[in-house]
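Breakdown of the fold
One-letter residues, chain by chain:
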Amino acid sequence: TSYAGAAIGNTVVMFPVDLDTAFGGTTYTAPGGATKHYITGLTPNGSYSASAQVMGGNIQVSVNSGGSYVADSGGVLVFGASKSTSDFNGDGKPDLALFHASDLRTYVWYLNGATYGGAAPGPALPPGWTVVGVGDFNGDGKPDYLLFNASSRQTYIWYLNGPSYSGAAPGPTLPAGWSLVRP
């Protein structure tokens with residue numbers, strides 16, 4: 001399906017060139033700083049998959065029918081995809097999430113390549129929990145923490161807005177003998 005669109009700030013909006021052609025998937029290149037994507041002209045409440053791959057300073061995004069993303073009742077699919085899943089300040093460059101085990105604090109170090117560019121405190125964890133990964137678990141284009149409690153084997157996702165806590169969801173409990181591989 002032929003799509004056209006525009007990038008405005010960190011948002012990309014894509015729309016079909018021919019509304020009479022059924023959606024057969026689309027692939028487009030977006031600026032590396034793009035974090036929010038709107039795909040219009042889809043089947044209302046239809047399910048879709050979306051994936052992103054870094055291509056130089058940009059990201060290549062592919063959207064296809066079938067998957068875990070659902071278009072709204074107007075046929076608009078909204079999802080997050082960015083150049084880096086560890087980009088806490090939205091500059092399109094990976095940052096570092098740090099965890100201090102003795103006092104359970106987290107911190108984010110903003111990077112420009114390998115150069116330190118500043119820091120911000122993140123949320124402190126409850127006793128028994130550690131940060132074991134960073135990824136965009138809710139599709140908003142922002143990194144979140146994957147937490148693990150070794151005693152209970154429970155996982156948890158902490159949703160973040162930059163370095164600030166904005167909500168949480170329990171994850172699965174791992175079976176005995178299994179460990180997490182970083183997402």
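Residues numbered from 1 in each chain as written. Predicted model: local features only at pLDDT ≥ 70, side-chain atom pairs only at ≥ 80, totals over all residues. Heavy atoms only, no water.

Regarding the sheet that holds strand β9 (residues 96-100)
The strands making up a sheet associate through backbone hydrogen bonding, with each pair oriented either parallel or antiparallel. Strand order across the open sheet formed by three strands is β9-β10-β11, with antiparallel pairing between neighbours. Two strands bound the open sheet, and with one partner strand each, they are β9 and β11 (115-121). On average, adjacent strands in this sheet sit at an angle of 30° to one another, irrespective of strand direction. Pairing geometry for strand β10 (residues 105-112) and β11, over five bridges, is antiparallel. Its bridge partner being in β11, Y107 is matched across the sheet by P121. (Pairing = 2+ DSSP bridges. Helix = DSSP H or I, 4+ residues; strand = E, 2+ residues; numbered from the N terminus. Axes fitted to C-alpha atoms, helices over the stretch in contact; angles between N-to-C directions.)

A closer look at the sheet that holds strand β12 (residues 129-135)
Taken in spatial order, the four strands make up an open sheet running β12-β13-β14-β15, and their pairing is antiparallel. Strands at the two margins of the open sheet, each flanked by one partner only, are β12 and β15 (164-173). Direction aside, the axes of adjacent strands within the sheet are offset by 25° on average. The sheet contact formed by β12 and strand β13 (residues 144-149) spans six bridges and is antiparallel. Across the sheet, T130 pairs through a bridge with F148, a residue of β13.

Quick notes on the packing of aromatic side chains
Using the criterion set out here, one finds six aromatic pairs in the structure. Aromatic pair F23 and Y48: ring centres 5.6 Å apart, planes at 85°, arrangement edge-to-face. Here F23 is found in the loop between β2 (11-16) and β3 (26-31), whereas its partner Y48 is found in strand β5 (residues 47-55), with 25 residues between them in sequence. When sorted by exposure, F23 lands in the same class as Y48, which is buried. Aromatic side chains W109 and Y116 sit 5.3 Å apart centroid to centroid with 80° between the ring planes, which places their arrangement in the edge-to-face category. (Phe/Tyr/Trp six-rings, centres within 6.5 Å; stacked < 30°, edge-to-face > 60°. Buried < 20%, exposed > 50% of the residue type's maximum accessible area, 1.4 Å probe, protein only.)

Shape is all these values report; function is a separate question.
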